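Report on the structure
Below are the chains, spelled out letter by letter.
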Amino acid sequence: MKEGIIQQSLSGFYDVISDGEIYRTRGRGNFRKKKIKPIVGDAVEFEDGYLLKVLPRRNSLVRPPVANVDAAVVVTAAVQPDFSPNLLDRQLIALERQDITPLIYFSKTDLLDPAGYQRIAAVAAGYRQIGYPVFCNQQPFDEDQLAALKVQLKNKTVTMMGQTGAGKSTLLNHLAPDLHLATGEISQALKRGRHTTRKVSLLNVDGALIADTPGFSSYETFDMTVEELPQLFPEMARLAPECKFRGCLHIKEPHCAVKAALENGIIMNSRYDDYLQFHELIANQKPNYKK
């Protein structure tokens, strides 16, 4: 019996990387009965063309469906589609929830005029101050920036994630030009990208296993409680011990260090606005009794 990592999943078949070789397998029949659904990134045991066991996951994402992820490159368009701090923050808290290291990569910055680029650069500086690795250059595929990203990703299992049309496949093509991944243009009529990536697969890029994944038009995953939410904003988690009340939600409580930091310009207004919106969304969610 061999062990490996699922490199690609397509139409009921699973390609597994093991000792530098790729083996095509199928899931055992009892997987469906046991409601086991293998996904890309899963560590598995297999033999004679069949997956026998899915080993425990460290983490897993729903969008994109990838398991055992070390880091995620959140590809964020500066324009076409327009930059959305709300969508970026939704992705960041989903990654924080799974203990996955986020890296923010601003794409399409070359399409901005000087004033537009300065606005995006200021946003990038804000996220950098929080502690996120941020890649923002007026030339998005600057060789030095790409080299710095490769260093951050080496020897890790990585997922690319971001809105449809943000430029995930384009970035991967610059990281590894021999991949020749299909890329698409933004539909001017719908202002939404055409999906150019149809399946999820792990690609070996200079020692990193990178998942090129389908994009999305929205990101709705909120599987945390209102009490957990503040811990998923690193800048708030750092300040929470200074709040007067333990378990402060940073909304109506007096003597709140987070609200004081907001008033003093230490916390980004857009981040706090998104926090309030996410808090309300979670508070109003109907319980999922099927879990």
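The coordinates are above.
To start, this report covers the structure provided alongside it. All values reported here derive from a predicted model rather than from experimental measurement. (Residues numbered from 1 in each chain as written. Predicted model: local features only at pLDDT ≥ 70, side-chain atom pairs only at ≥ 80, totals over all residues. Heavy atoms only, no water.)

**So, the overall build of the chain**
Of the regular secondary structure elements, the chain holds eight helices and 15 strands. Taken over 291 residues, the chain has a buried fraction of 48%. Split by element, the accessible area of the chain, about 15500 Å² in all, is 49% carbon and sulfur. (Helix = DSSP H or I, 4+ residues; strand = E, 2+ residues; numbered from the N terminus. Buried < 20%, exposed > 50% of the residue type's maximum accessible area, 1.4 Å probe, protein only. Areas by Shrake-Rupley, 256 points an atom, 1.4 Å probe, with all protein chains shown as cover.)

**Quick word on the nonpolar core**
By size, the foremost hydrophobic cluster in this structure holds 39 residues, and its most contacted members are Leu 51, Ile 104, Phe 106, Tyr 127 and Val 134. Elements that contribute at least two residues to this core include exactly strand E2 (13–18), strand E4 (43–47), strand E5 (50–54), strand E8 (71–77), helix H2 (85–97), strand E9 (101–107), helix H3 (114–130) and strand E15 (208–212). Those residues in contact with Leu 51, other than ones at most four positions away along the chain, are Ile 6, Tyr 14, Val 16, Thr 25, Arg 26, Gly 27, Arg 28, Phe 31, Pro 38, Val 44, Glu 45 and Phe 46. (Core = buried A, V, L, I, M, F, W, Y, C linked by side-chain atoms within 4.5 Å. Contact = heavy atoms within 4.5 Å.)

**Things to note about unusual backbone geometry**
Working note: non-glycine residues mostly have negative phi, and peptide bonds are mostly trans. Of note, the amide linkage connecting Gln 80 to Pro 81 takes the cis form, showing an omega dihedral of 0°. Mapped onto the secondary structure, Pro 81 falls in the loop between E8 and H2. Positive phi, close to 60°, is recorded for Asp 99, a residue that is not glycine. In this structure, Asp 99 sits in the loop between H2 and E9. On the accessibility criterion, Asp 99 (69% relative accessible area) is exposed. Positive phi, normally seen in glycine, also occurs at Asp 206, with a value near 50°. When you line up the elements, Asp 206 lands in the loop between strand E14 (201–205) and E15. Judged by its relative accessible area of 45%, Asp 206 is partly exposed.

**Regarding helix H5 (residues 168–175)**
Working note: α-helix, 3.6 residues per turn, so residues spaced by three or four point in the same direction. Within H5, six of the eight residues are buried, which leaves it mostly tucked inside the rest of the structure. Those residues of H5 not exposed but buried are Lys 168, Ser 169, Leu 171, Leu 172, Asn 173 and Leu 175.

**A closer look at the packing of H2 against helix H8 (residues 269–283)**
At a minimum axis separation of 10 Å, H2 and H8 run at an interaxial angle of 65°. Like other packed secondary-structure pairs, H2 and H8 cross with a definite hand, here right-handed. Two secondary-structure elements touch here, H2 through Pro 85, Asn 86, Asp 89, Arg 90, Leu 92 and Ile 93 and H8 through Ser 270, Arg 271, Asp 274, Gln 277, Phe 278 and Leu 281. Its residues assigned to classes, the contact of H2 with H8 comprises five nonpolar, three polar and four charged. (Axes fitted to C-alpha atoms, helices over the stretch in contact; angles between N-to-C directions. Left-handed = near helix turned anticlockwise from the far one by under 90°. Nonpolar A, V, L, I, M, F, W, Y, C, P; charged D, E, K, R; others polar.)

**Focus on the environment of Ile 17**
By secondary structure assignment, the location of Ile 17 is in strand E2. In this structure, the C-alpha to C-alpha distance between Ile 17 and Gln 7, residues ten residues apart in sequence, is 6.0 Å. Filtering out sequence-adjacent residues up to four positions away, Ile 17 remains in contact with Gly 4, Ile 5, Gln 7, Ile 22 and Leu 209.

**Section: the pattern of salt bridges**
Here the structure, examined in full by the defined rule, presents eight salt bridges. The salt bridge involving Arg 271 is made with Asp 89; its shortest N-O contact spans 2.8 Å. Here Arg 271, found in helix H8, pairs with Asp 89, found in helix H2; they are 182 residues apart in sequence, far enough to count as distant. Across the pair, Asp 89 and Arg 271 agree in class, each one buried. Note that Arg 97 and Glu 228 form a salt bridge whose closest N and O atoms lie 3.8 Å from each other. (Salt bridge = Lys/Arg side-chain N within 4 Å of Asp/Glu carboxyl O.)

**Let's talk about the pairing of strand E11 (residues 157–161)**
Counting buried residues along E11, five of its five residues qualify, which places the element largely inside the surrounding structure. Here four bridges tie E8 to E11, and the two strands are oriented parallel to one another. By the bridge assignment, Val 74 is partnered in E11 with Met 161. (Pairing = 2+ DSSP bridges.)

**Re H8**
Taking 1.5 Å of rise per residue, 15 residues should cover 21 Å, and H8 covers 21 Å from first to last C-alpha, within 8% of that figure. Those residues of H8 that sit buried are Arg 271, Tyr 272, Asp 274, Tyr 275, Phe 278, His 279 and Ile 282. When H8 is viewed along its axis, its buried side chains cluster within an angular range of 160° and face the same direction. Turned more than 90 degrees off the buried face of H8, the exposed positions are Asn 269 and Glu 280. Contact partners of the buried residues in H8: H2, H3, helix H6 (234–239) and helix H7 (257–263). (Expected span 1.5 Å × (residues − 1). Arc of directions from axis to C-beta.)

**Focus: the environment of Pro 102**
Within the secondary structure, Pro 102 is located in strand E9. Overall, Pro 102 belongs to the buried group, its relative accessible area being 6%. Remark: the alpha-carbon pair of Pro 102 and Val 134, spanning 32 residues in sequence, is separated by 9.1 Å.

**Observations concerning the environment of Val 258**
As for its position among the elements, Val 258 is in helix H7. In this structure, Val 258 is in contact with Met 236, Leu 239, Cys 243, His 250, Ile 267 and Tyr 272, ignoring residues within four places of it in sequence.

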